[in-house]
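Here is how the chains run, residue by residue.
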Amino acid sequence: MNINDVEKVYQEGKNRIEDVEDENELNNLRAELVGKKSSLNSLFSKIKELTIEEKKVFGEKINKARDALNSLIAEKQEKIRQKKLAKKIESEKIDVTLPSRTVTSGAKNPFKLIVDDFVDYFMSLGYEVVEGSDVETDHYNFELLNIPKDHPSRDMQDTFFIDKNRLLRSHTSAAQAHVMERAKGKGPIKVICPGKTYRRDEDVTHSHQFGQIECLVIDENATMGQLEETLTLMLRHFFGENRKVRFRPSFFPFTEPSVEVDMSCFSCEGKGCSMCKHTGWIELLGAGMVNPNVLRLNGFDDEKYKGFAFGIGIDRFAMLKYGIDDIKRIYTNDIDFLKQFSKE
Ligand code: PHE
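Let us look at the structure shown here. Quick caveat: nothing in here was measured; it's all calculated off a predicted structure.

1. Observations regarding the environment of Leu26
(1) Moving on: Topologically, Leu26 is positioned in helix H2 (residues 23-34).
(2) Moving on: Here Leu26 falls in the buried class, since its relative accessible area comes to 1%.
(3) Moving on: Measuring from C-alpha to C-alpha, the distance between Leu26 and Lys76 comes to 8.1 Å, with 50 residues separating the pair along the chain.
(4) Moving on: When sequence neighbours within four positions are dropped, the list of residues in contact with Leu26 reads Ile17, Val20, Ile73, Lys76, Gln77 and Ile80.

Here's what the structure looks like:
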């Protein structure tokens, strides 16, 4: 054994470390160069054949060579790691100059704007909101509202029947009957019932599906004056402070007396224009005092209780308020159309 053997092993090791390209190879090489079975180790085992002086020199030499190889390996390992990282960063590069995908947001339908506004307004007056269901029975939609089978007023509310008994409700008044049933003859009741309604109807102002909001108040001393006040304030909230309300006699089986409610035109302030067909008034909704028959049919003492009710057309309100010319626009979900009305 001579000193050049150590030098040779070191030089060879150094060259091989330089040539290594990946981590696995480097790990194998580490075992080969400085591990237990390495040639450096086998040189160590030969040391015992030397004199004490030589042992010292060789021992030092071998240790130095091993330390040097170890630090070369560590250096190489760091280099490989850096290279790998640089490659990863390169492959994940994001081009921030690319134009972004456009993010579009929706807008509330004018139908929903009216409902939300109505609900907020009436809740602030202490009313409860009840929704009812789209599918009703003949009993709740007609019979309990004083519209017996074969009554001619059913013709005005021809709707879609699911079977002999079940139908798509033709008005939100159907929810009235449920509310009264649940109250078990005990007032007061103050509710509004917004929801979808259905009829066999189709033109620019009518659709087979439309929306109504019912208002029902039952109390021991409910009066027509309260109905008028409630309507006047509600219409001023929606259509401006100067609105006036006019009642015309009408007929609904579930109210007595019944009225058609007109509102002074908000477009011409009552002078007459195309919006109000030059009458100064806009026909708006149906209302009346709850028919004593309806109170009785729904378990209320008609001597003790009185009530008033009205029903608005959500689509009609939206069309008037936002100047919409065709009811179908409310149902076609054209985002450009919808965005005109919603500030959110
Ligand atoms: N339900 C009636 C309709 O749809 C409206 C209405 C409701 C009238 C309440 C009077 C009282 O035509």
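2. Regarding the sheet that holds strand S8 (residues 281-290)
(1) Moving on: The strand order across the open sheet formed by 7 strands is S1-S4-S5-S9-S8-S7-S6, and the pairing between neighbours is mixed. Of all the strands in the sheet, just strand S1 (128-129) and strand S6 (245-252) have a single pairing partner and so form its edges.
(2) Moving on: In this structure, S6 lies alongside strand S7 (residues 255-264), joined through 7 bridges in antiparallel fashion. When the bridges of S7 are listed, Arg246 appears paired with Asp262.
(3) Moving on: Docked against the sheet, helix H10 (residues 314-322) engages strand S4 (189-198), strand S5 (209-219), S8 and strand S9 (306-313), running at close to 150 degrees with respect to S8.

3. Quick notes on the site of the ligand
(1) Moving on: Taken together, 14 residues form the shell around the ligand, and within it His171, Ser173, Arg199, Gln212 and Glu214 come nearest.
(2) Moving on: Residue Arg199 places a side-chain N or O atom 2.8 Å away from an oxygen atom belonging to the ligand.
(3) Moving on: Protein chains bury 93% of the 330 Å² of accessible surface belonging to the ligand in isolation.
(4) Moving on: For the shell around the ligand, the secondary structure elements donating two or more residues are S5, S8 and S9.
(5) Moving on: When residues in the shell around the ligand are grouped by element, the largest group, 3 residues, is from S9.
(6) Moving on: For the shell around the ligand, the class distribution of residues is 5 nonpolar, 7 polar and 2 charged.

4. Some remarks on the packing of aromatic side chains
(1) Moving on: If you walk through the whole model with that rule in mind, you get 13 aromatic pairs.
(2) Moving on: Ring geometry for Phe300 against Tyr305: centres 5.3 Å apart, planes inclined by 80 degrees, an arrangement best described as edge-to-face.
(3) Moving on: Under the relative-accessibility criterion, Phe300 is labelled buried at 3%.
(4) Moving on: Looking at Tyr305, the relative accessible area reads 5%, which means it is buried.

5. As for the pairing of S4
(1) Moving on: Most of S4 is tucked away: 8 of the 10 residues are buried.
(2) Moving on: Direction of pairing for S1 relative to S4: parallel, over a ladder of 2 bridges. When the sheet's bridge partners are listed, Glu128 is paired in S4 with Val191.
(3) Moving on: Two elements, S4 and S5, share 10 bridges in a ladder whose sense is antiparallel. Directly across from Lys190, in S5, lies its bridge partner Val217.

6. A word on the packing of helix H5 (residues 110-124) against H10
(1) Moving on: The N-to-C vectors of H5 and H10 enclose an angle of 105 degrees; their axes lie 9 Å apart at closest approach. Classified by the interaxial angle, the pair formed by H5 and H10 is roughly perpendicular. Mapping the contact onto sequence places Pro110, Phe111, Leu113, Ile114, Val115 and Asp117 in H5 and Ile314, Asp315, Phe317, Ala318, Lys321 and Tyr322 in H10.
(2) Moving on: Classifying every residue of the contact of H5 with H10 by side-chain character gives 9 nonpolar, no polar and 3 charged.

7. Description of the state of the cysteines
(1) Moving on: Under the defined criterion, the tally for this structure stands at 0 disulfides.
(2) Moving on: Here Cys215 is not disulfide-linked; the sulfur of Cys193 is the nearest cysteine sulfur, at 8.4 Å.
(3) Moving on: Look at Cys215 and you get buried, because its relative accessible area is 0%.
(4) Moving on: The thiol of Cys265 is unpaired, and the distance to the nearest cysteine sulfur, on Cys268, comes to 3.7 Å.
(5) Moving on: Classification of Cys265 as buried rests on a relative accessible area of 0%.

How each quantity is defined
Residues numbered from 1 in each chain as written. Predicted model: local features only at pLDDT ≥ 70, side-chain atom pairs only at ≥ 80, totals over all residues. Heavy atoms only, no water. Helix = DSSP H or I, 4+ residues; strand = E, 2+ residues; numbered from the N terminus. Buried < 20%, exposed > 50% of the residue type's maximum accessible area, 1.4 Å probe, protein only. Contact = heavy atoms within 4.5 Å. Pairing = 2+ DSSP bridges. Axes fitted to C-alpha atoms, helices over the stretch in contact; angles between N-to-C directions. Near = heavy atom within 4 Å. Polar contact = N/O pair within 3.5 Å; in protein donor to acceptor, adjacent residues only side chain to side chain. Areas by Shrake-Rupley, 256 points an atom, 1.4 Å probe, with all protein chains shown as cover. Nonpolar A, V, L, I, M, F, W, Y, C, P; charged D, E, K, R; others polar. Phe/Tyr/Trp six-rings, centres within 6.5 Å; stacked < 30°, edge-to-face > 60°. Parallel < 35°, antiparallel > 145°, perpendicular 65-115°, else oblique. Disulfide = S-S within 2.5 Å.

From the geometry alone we can't say anything about function, so treat these as descriptive.
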